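Take a look at the letters that make up each chain.
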Amino acid sequence: MRVLKECLLLTVIGLVFAGCESSEQEIDVVVDDGPGPIQVLFLGHDSEHHNSEAYMPILASALADDGIHFSYTEDPADLNGPNLAKYDALMLYANHDSITTSQEQALLDFVESGRGFLPIHSASFCFRNSEAFIELVGAQFLEHETGTFTADIVNRDHPVTDSLSEFETWDETYVHHMHNEDRTVLMQREEEPWTWTRTHGEGKVFYTAYGHDERTWSKAGFQELLKEGIIWSVSDQVREDWEAFAATIPELIYEEREEIPNYRQQDPPPQYQLPLSPEESQKLTQVPVGYELELFAAEPDVINPIDMTWDAQGRLWVIETVDYPNTVREEDGVGDDRIKILEDTDGDGRADKTTIFAENLNIPTSLTLVNGGVLVSQAPDFLFLKDTDGDDKADTREKVISGWGTFDTHAGPSHLQYGYDNQIWGTVGYSGFEGTIGGEEYEFRQGFYRFNTDFENLDFEFLTATSNNTWGLGFNETFEVFGSTANNEHVVYMGIPQRYYQEYEWPEGTERQQWSAGRKKIDGHYAMHPITRDYRQVDVHGGFTAASGFKFYTAREFPEEYWNRVAFVSEPTGNLLHRAVIEEDGAGYTEKDGWNILASRDEWVSPVQAKVGPDGALWILDWYNFMIQHNPTPTEESAGWDAENGAGNAHINPLRDRTHGRIYRLTYNGAEHTNTISLSKEDPGALVEALGHDNMFWRLTAQRLLVERGETDVLDELYGQIRNTEVDALGLNTAAQHALWTMHGLGALDGQNEEALQVAIEALEHPAAGVRKAAIEALPRIEKANAAILGSGVLQDQDAHTQRTAILSTIEMPESSEIGKALYSLSQNQQVVEDEWLAEALKLAASKHEEGYRAASGAEASGSSDTSGESAAASGDVKTIRISAVVNELKYDIEEFSVEAGQQVEIVFENTDFMQHNLLIVEPGALQKVGEAADDLAADPEGSDLQYVPDMPEVLHATNLVNPNQTITLSFTAPEDPGDYPYVCTFPGHWRTMQGVMNVIAN
């Protein structure tokens, strides 16, 4: 049974978002739409005691093969009628102390209407203010000790226990009171009722006192007990539909293969799962209740898809690369990779027409439509491909930028896309760039960049350096910039581009701050949440080690909770697509865990990219490949077998598949689908109108076409859009924002068009903060515009992101005592100086306008002071040890060295690898303890700020994280006590193999 409601558009998603608290109970519209999984809402809490966040995925993984799907929330406000109506059962494992009247009523109504309720363990001490809840559960927790025991099954005639086996586990020995004798006891621990069932109205209640920690949650017997409890608790119709669905779930078939890297040291080691058809794979893939996963294309029509976009007619363009990762060609125009155009011509939701736009490509990684053609990143080049005769096949090929690194194929350029500012934006990993662009020499490693669309007169800008291999870049609807990188940084925010630091004189000793300036790791959690038991990762085990494809939901088909707030991050090593909830935090942002919007038990499912399509659905590229891992190269010690490295710097593995690939659309059942449109430069009126479309894809497409069209005959209409002061439910006026940037792209804001300039100046006082921000960015840095910015009040804007933009704009203005005075005034505002991004912007701006700033503060200009000095040389001999990271192997090149007790030691650590490393000296025998503490620190959102160095006495000396191609010196005095002192890298997942021993010997 699937439960639908007339008010479905008002319901909450349920995996993370709080529900609307209301005493009004909705009337269910019950629809039996055939076979389907059992949908369980799991209500946990934010606590490491009874760690629901950690234990629910254990259960979800265990029951994924059985067609039982879980959605997770920690908010009791999700106990409301509209939200609960989407689920067949509610499982509660938490320590929420109280419940509101409306939440209590919603829960009681939910069960009474025929749904299942499964309070587990600590749930019997929840909601202590509600007698009705205690009665519903059947008792309340009173006290406990701990121990290892087996609860006895005392009722073998009940459907829950008739086929169960008793099991032994360590757990808390609960004792209950306030017993409701209207129940059926199934299990007892000694004389204490331990597991029981009840009925309430048409619904059923299952309770067990088992479940304190992972020692029980990981027990197969406990998992089977909960499974049977769930199946029993749901209605007969749901059970019947589930049984029909479960009968169709494919059985996973495994084979022994020696080429499976076992970096997680699993025992027994993972096996090779045979692939499934798209239809079979979907049976094992979970999406939120109320959403449908629809197959758009699959092999042989698409193989190994890596990026996609759509044209102005809404047709899908996709890159497929079977050459990835190690088939690297040296000759231009030789390769087996292609760009295809896929169309659904009969409207049935499946692609039925395939056109090969370009072939003979070699490991292309991204594409964007521009200038009437397609720009493709294919290291070492960016290629511009164009169809000149209208047959949808490229017949010209031009190199636009050359110099992109090729030594690692998963660390090259990617994520090309058209930005609000009419520039092409992109990312690059640690393969980096070295070459000439627009007559200027550039050399950089991983990060974000942008460049203009006039390929004959390129103007290139490197925007910010990122911490690691970078495979994600996205904008929200006010043009804030985010991304994702590999290795424990699945959300990074760029608040200040590098150009604003160019004139700033950094103090000595701030090299690390300089490297990370302007961007910040903001992910609020470590764990991903796979439902695949045998997920395979090289490091950051259980976290995000291959985060890619950061994209916001920028349409309006999904519920409002998604709009301009939720971003999608692919994690192919976890077989899932993560939902990152991005929330404003002053002039910056924070992220919280929105769990999965897609996760699969099928170990081949490998989401690599997800974007909002022209239809407002979420389109997902499934690489569909068993072997995703690239490097480090497996060794017998690190992964159970010795592999060789290939030409693309990926380990050679016969399990890499080149025959599969899928493209899905995720749609929302409650959406009011809008008609698809088609845009053309021949209809400028429709293009201007599309600047106000509720889907950012169409807005940006219309903006691009208007700019490429190059005619100013649309300016009057653009003025009208900018002067429209309406705002939507989110406080946005996106049409005005795009109109401003369209004017900018048409050259109307070069200072020569007085009317256009005046319209943009007026926009500085628009009621929508995003419009004010766009106006600041789009206005030319001429005297009249500068004066308008300073006089409009945006330096004190109530919206912190707009205020940050205004402060940064002063850095681009001529040095001025007036601006310096205004900046000093801002420095007296506590709210400004306590906001990290406003304070950073103010620091840079004050440095530019230093004389006026200091004059306003009553201080004299500092000039340049010599703060370097010379450090006193240490007395005595210094033992210098040079250690390097071994590329791709998670090892130091020296695994043992000796020093004398009390000797001065200098370790020069050079990071020649492609990821960050550090080096810690720890006490003898403390390696395991420090390593486990590092694992815990990896799950701390502040762990990277702490350099992944545990704060514990066993750590004697430590470096900061060392970036690729950087060197750091660690100076210390060797311990007086002789012994073997381990040294180790504590970057997440590295400590088990990247270690050595410092032998301290007596003098």
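The structure displayed is predicted, hence computed values, not measured ones.

1. Looking at the sheet that holds strand β40 (residues 618-622)
Move 1: Taking strand neighbours across the sheet as the criterion, the four strands line up as β16-β41-β40-β39 in an open arrangement whose pairing is antiparallel. Edge positions in the open sheet fall to β16 (291-298) and β39 (607-612), since each of these has one partner strand only. This sheet shows a mean twist of 25° between the axes of neighbouring strands, independent of strand direction.
Move 2: Bridge count between β39 and β40: five bridges; the pairing is antiparallel.

2. Digging into the pairing of strand β33 (residues 489-494)
Move 1: Counting buried positions along β33 gives six out of six residues, so the element sits mostly inside the fold.
Move 2: Here four bridges tie strand β32 (residues 481-485) to β33, and the two strands are oriented antiparallel to one another. Bridged to Phe482 within β33 is Tyr493.
Move 3: Two successive antiparallel strands, β32 and β33, enclose a turn made up of three residues, where Asn487 displays a positive phi of approximately 65°.
Move 4: When β33 meets strand β34 (residues 519-521), the two strands line up antiparallel, connected through three bridges. Paired with Met494 across the bridge in β34 is Arg519.

3. Some details on the confidence of the model for the protein chain
Move 1: When pLDDT is averaged along the protein chain, the result is 92, and 95% of the positions lie at 70 or above.
Move 2: In the model, residues 1-30 has pLDDT below 50 throughout and makes 109 contacts with residues more than four positions away in sequence or in other chains.

4. Some thoughts on the pattern of salt bridges
Move 1: Counted by the stated rule, this structure contains 50 salt bridges.
Move 2: The partner of Arg665 in a salt bridge is Asp615, and the shortest N-O contact between them spans 2.8 Å. Here Arg665, found in strand β41 (residues 662-668), pairs with Asp615, found in the loop between β39 and β40; they are 50 residues apart in sequence, far enough to count as distant.
Move 3: The class of Arg665 is buried, set by a relative accessible area of 13%.
Move 4: A salt bridge links Glu954 to Lys929; the shortest N-O distance between them is 2.8 Å.

5. Focus: helix α7 (residues 236-246)
Move 1: All of the buried residues along α7 are Val238, Arg239, Asp241, Trp242 and Phe245. Down the axis of α7, the smallest arc covering the buried residues is 165°, so these residues share one side.

6. Examining the sheet that holds strand β45 (residues 904-911)
Move 1: With mixed pairing, the four strands of this open sheet are ordered in space as β43-β42-β45-β48. The sheet is open, and its two borders are formed by β43 (891-892) and β48 (966-973), each paired with just one other strand.
Move 2: Sheet topology note: the β45/β48 ladder contains eight bridges and is antiparallel. Bridging across to β48, Val905 finds its partner in Phe972.

7. Description of the side chain of Ser944
Move 1: As for its placement among the helices and strands, Ser944 is situated in the loop between α23 (927-938) and β47 (955-958).
Move 2: Those residues within four positions of Ser944 in sequence are excluded, and the remaining contacts are Lys521 and Leu961.

8. Some words on the packing of aromatic side chains
Move 1: Counted by the stated rule, this structure contains 69 aromatic pairs.
Move 2: Considering the side-chain rings of Tyr892 and Phe909, the 5.7 Å spacing of their centres and the 75° angle between planes classify their relative orientation as edge-to-face. Residue Tyr892 is located in strand β43, and its partner Phe909 is located in strand β45; the two are separated by 17 residues in the primary sequence.
Move 3: Using a relative accessible area of 1% as the deciding quantity, one classes Tyr892 as buried.
Move 4: Members of the aromatic cluster, joined through ring pairs, are Phe42, Tyr55, Tyr72, Tyr93, Phe149, Phe167, Trp194, Tyr210, Trp217, Phe222 and Trp595.
Move 5: We note Arg183 situated over the ring of Trp196; from NZ or CZ to the ring centre the distance is 4.3 Å.
Move 6: For Arg215, the ring lying beneath its charged end belongs to Trp170, and the centroid distance is 3.7 Å.

9. Some points on the pairing of strand β3 (residues 38-43)
Move 1: Extensive coverage of β3 is indicated by the burial of six of its six residues.
Move 2: A two-sided burial pattern is seen for β3, the buried positions comprising Ile38, Val40 and Phe42 on one face and Gln39, Leu41 and Leu43 on the other.
Move 3: Here β3 runs beside strand β4 (residues 68-73); their pairing, made up of six bridges, is parallel. Note that in β4 the partner of Leu43 across the bridge is Thr73.
Move 4: As defined by bridge partners, β3 adjoins strand β5 (residues 89-92) across four bridges and the pair is classed as parallel. Paired with Leu43 across the bridge in β5 is Leu92.

10. Observations regarding the packing of helix α13 (residues 715-723) against helix α15 (residues 754-762)
Move 1: Orientation of α13 relative to α15, taken along the N-to-C sense of each, is 15°, at an axis distance of 10 Å. Compared by their axis directions, α13 and α15 come out roughly parallel. When you trace α13 past α15, the crossing you get is left-handed. Side by side, α13 and α15 meet where Asp716, Tyr719, Ile722 and Arg723 of the first sit next to Glu755, Ala756, Val759 and Glu762 of the second.

11. Overview of a negative patch on the surface
Move 1: A cluster of acidic side chains, namely Asp46, Glu48, Glu932 and Asp936, defines a negative patch on the protein surface.
Move 2: Within the secondary structure layout, Asp936 lies in helix α23.
Move 3: Using a relative accessible area of 58% as the deciding quantity, one classes Asp936 as exposed.

12. Focus: the packing of helix α19 (residues 817-827) against helix α22 (residues 850-857)
Move 1: Running from N to C, α19 and α22 cross one another at 55°; their axes reach a closest spacing of 7 Å. On the basis of the axis angle, α19 is oblique to α22. Considering only the axes of α19 and α22, their crossing is right-handed. Contacts between α19 and α22 involve Ser817, Gly820, Lys821, Leu823, Tyr824 and Ser827 from the former and Gly852, Tyr853, Ala856 and Ser857 from the latter.
Move 2: By residue class, the composition of the contact of α19 with α22 is four nonpolar, five polar and one charged.

13. What about α19?
Move 1: Residues of α19 that are buried include every one of Ile819, Gly820, Leu823, Leu826 and Ser827, and no others. When α19 is viewed along its axis, its buried side chains cluster within an angular range of 115° and face the same direction. Facing away from the buried surface of α19 by more than 90 degrees, the exposed residues are Ser817, Glu818 and Lys821.
Move 2: Of the surrounding secondary structure, the elements contacted by the buried residues of α19 are α17 (783-791), α18 (800-809), α20 (830-833), α21 (836-848) and α22.
Move 3: The distance from a side-chain oxygen at the start of α19 to the backbone nitrogen of Glu818 is 3.1 Å, and the residue carrying that oxygen is Ser816.

14. As for unusual backbone geometry
Move 1: The linkage connecting Asp267 with the following residue, Pro268, adopts the cis geometry, with an omega of 5°.
Move 2: Within the element layout of this structure, Pro268 appears in the loop between β13 (254-255) and β14 (272-273).
Move 3: Residues Ala379 and Pro380 are joined by a peptide bond in cis, for which omega reads 15°.
Move 4: Within the element layout of this structure, Pro380 appears in the loop between β22 (373-378) and β23 (381-386).
Move 5: We note that His415 has phi near 60°; this positive angle belongs to a residue other than glycine.
Move 6: Mapping His415 onto the fold places it in strand β25 (residues 413-418).
Move 7: The class for His415 is buried, based on a relative accessible area of 4%.
Move 8: One non-glycine residue, Tyr624, adopts positive backbone phi at about 40°.
Move 9: Considering the arrangement of structural elements, one finds Tyr624 in the loop between β40 and α10 (636-639).

Rules used throughout
Here the residue numbering is sequential within each chain, running from 1 through the sequence in written order. Confidence filtering applies because this is a predicted model: local features only for residues at pLDDT of at least 70, side-chain atom pairs given and counted only at 80 or more, and all residues used for totals across whole chains, interfaces and linings. As a convention, hydrogens and water are excluded, and side-chain values are obtained from all of the structure's heavy atoms. Pairing between strands is defined by DSSP: at least two bridges between them are needed. Per the convention used, a helix needs a DSSP run of H or I reaching at least four residues, while a strand needs a run of E reaching at least two, with both numbered from the N terminus. Convention adopted: a line fitted to C-alpha atoms gives each axis, helices being fitted over their contacting stretch, and angles between N-to-C directions are expressed from 0 to 180 degrees. Classification of residues uses two cut-offs on accessible area relative to the type maximum, computed with a 1.4 Å probe and protein chains only: under 20% is buried, over 50% is exposed, and between them is partly exposed. The pLDDT score gives, residue by residue, the confidence of the prediction method on a 0 to 100 scale. When checking whether two residues touch, look at their non-hydrogen atoms; a contact exists if any pair is within 4.5 Å. Here, a salt bridge means any side-chain nitrogen of Lys or Arg that lies within 4 Å of a carboxyl oxygen of Asp or Glu. Each direction from the helix axis to a C-beta atom contributes to the arc, which is the arc of those directions. Between rings of Phe, Tyr and Trp, where Trp is taken as its six-membered ring, a pair exists when centres lie within 6.5 Å; planes separated by under 30 degrees are stacked, by over 60 edge-to-face, and by other angles tilted. A ring is considered to have a charge above it if a Lys NZ or an Arg CZ atom is located within 6 Å of its centre and within 35 degrees of its normal. By the definition adopted for this analysis, an angle is roughly parallel if under 35 degrees, roughly antiparallel if over 145, roughly perpendicular if from 65 to 115, and oblique otherwise. Crossings are classed by handedness, with left-handed meaning an anticlockwise turn of the near helix from the far one by less than a right angle and right-handed meaning a clockwise turn. Note that patches include only residues with greater than 30% relative accessible area and no salt bridge, and the join distances are 9 Å for like charges and 5 Å for nonpolar side chains (Val, Leu, Ile, Met, Phe, Trp, Tyr). Values of accessible area rely on a 1.4 Å probe in the Shrake-Rupley scheme; residue burial ignores everything except the protein chains shown. In this count, Lys and Arg are taken as positive residues and Asp and Glu as negative ones, while His and the chain termini are left out. Every charge is mapped onto a representative atom, which is NZ of Lys, CZ of Arg, CG of Asp or CD of Glu. Note that Gly is not counted as nonpolar here; it falls among the polar residues with everything else outside the nonpolar set of Ala, Val, Leu, Ile, Met, Phe, Trp, Tyr, Cys and Pro and the charged set of Asp, Glu, Lys and Arg. Throughout this description, a polar contact denotes any pair of N or O atoms lying within 3.5 Å of each other; where both atoms belong to protein, one of them has to be capable of donating a hydrogen while the other can accept it, and for residues adjacent in sequence the pair is counted only when both atoms sit in side chains.

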